[in-house]
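Topology and contacts: notes
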Amino acid sequence: MADKTILVIEDNEMNMKLMRAVLKTGHYRMLEAVDAETGLRLVREHHPDLILMDIQLPGMDGLSATKIIKADPDLKDIPIFALTGFAMESDKEKASDIGFAGYIVKPFSVKGLLATLADCFNPHRTEN
Ligand code: MN
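Some remarks on the overall build of the protein
Secondary structure assignment for the protein yields five helices and five strands. Taken from the N to the C terminus, the helices and strands of the protein come in the order β-α-β-α-β-α-β-α-β-α. Scaling as 2.2 N^0.38, a compact globule of 128 residues should have a C-alpha radius of gyration of about 14 Å, and the protein matches this with 14 Å. Along the longest, intermediate and shortest principal axes, the C-alpha atoms of the protein span 40 × 35 × 30 Å. Counting the 128 residues in the protein, one finds 43% classified as buried. Long-range pairs, those at least 24 residues apart, make up 62% of the contacts in the protein between residues at least 6 apart in sequence. Accessible surface, the protein: about 7,100 Å² in total, of which carbon and sulfur atoms supply 53%. Between the centroid of the 15 positive side chains of the protein and the centroid of its 20 negative side chains there is a distance of 4 Å.

As for the nonpolar core
One finds Leu7, Ile9, Val43, Ile51, Met53, Ile69 and Phe100 to be the most contacted residues of the largest nonpolar core, which totals 22 residues. Those elements that provide at least two residues to this core are strand S1 (5-9), strand S2 (29-33), helix H2 (36-46), strand S3 (50-54), helix H3 (62-70), strand S4 (80-84) and helix H4 (89-98). It is H2 that provides the largest number of residues to this core, a total of four residues. Excluding anything up to four places from it in sequence, isoleucine 69 contacts Leu40, Val43, Ile51, Met53, Leu75, Lys76 and Ile80. In this structure, Met16, Leu83, Leu113 and Leu117 belong to the second largest nonpolar core, which totals 17 residues.

Reading the values: the criteria
- Along each chain, residue indices are assigned from 1 in the same order as the chain's sequence is written.
- In keeping with the predicted nature of the model, local features appear solely for residues at pLDDT of at least 70, side-chain atom pairs appear and are counted solely at 80 or more, and the whole-chain, interface and lining totals rest on all residues.
- No hydrogens and no water enter the side-chain calculation; it runs on all heavy atoms of the structure.
- Only DSSP runs of H or I covering at least 4 residues are called helices, and only runs of E covering at least 2 are called strands; the numbering of each starts at the N terminus.
- The quantity called the radius of gyration is restricted to C-alpha atoms. Its globule counterpart is 2.2 Å times the number of residues to the power 0.38.
- Each residue is assigned to one of three classes by its accessible area relative to the maximum for its type, calculated with a 1.4 Å probe on protein chains only: buried under 20%, partly exposed between the two thresholds, exposed over 50%.
- Should any heavy atoms of two residues lie within 4.5 Å, those residues are counted as being in contact.
- Only the protein chains shown count as cover for residues, and the accessible areas themselves come from Shrake-Rupley with a 1.4 Å probe.
- For the purpose of charge, His is not counted, nor are the chain termini; Lys and Arg are scored as positive and Asp and Glu as negative.
- A charge is said to be at NZ when it belongs to Lys, at CZ for Arg, at CG for Asp and at CD for Glu.
- Take the buried residues of types Ala, Val, Leu, Ile, Met, Phe, Trp, Tyr and Cys, join any two whose side-chain atoms come within 4.5 Å, and each joined set is a nonpolar core.

Structure follows, in structure tokens:
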């Protein structure tokens, strides 16, 4: 997994700190942005392997940023997971329409997040 780069777009410092610890545990490289505008710049510059996108951000929100990424032929194949403190059924529908690879509900479990990432990068790994 050490060759994978994950961009985290998250404005909450506590959540960002936790992400840092989790991704370090998983031996992922991490890029960080605290707003969508910076996140979009980093996506274009670094073309990360996966994006963890907070929905509620100052300025542009995570849904709008994801729509922009999904509309860009160079970037649309990067899997994006929505980070959210709430997950109403209507939000889930909206999220899958927009093209999120999945949902991570905060507060997330460290094990659960690492398993989600591993599944995304290696969907055919054998379960044991
Ligand atoms: Mn937020």
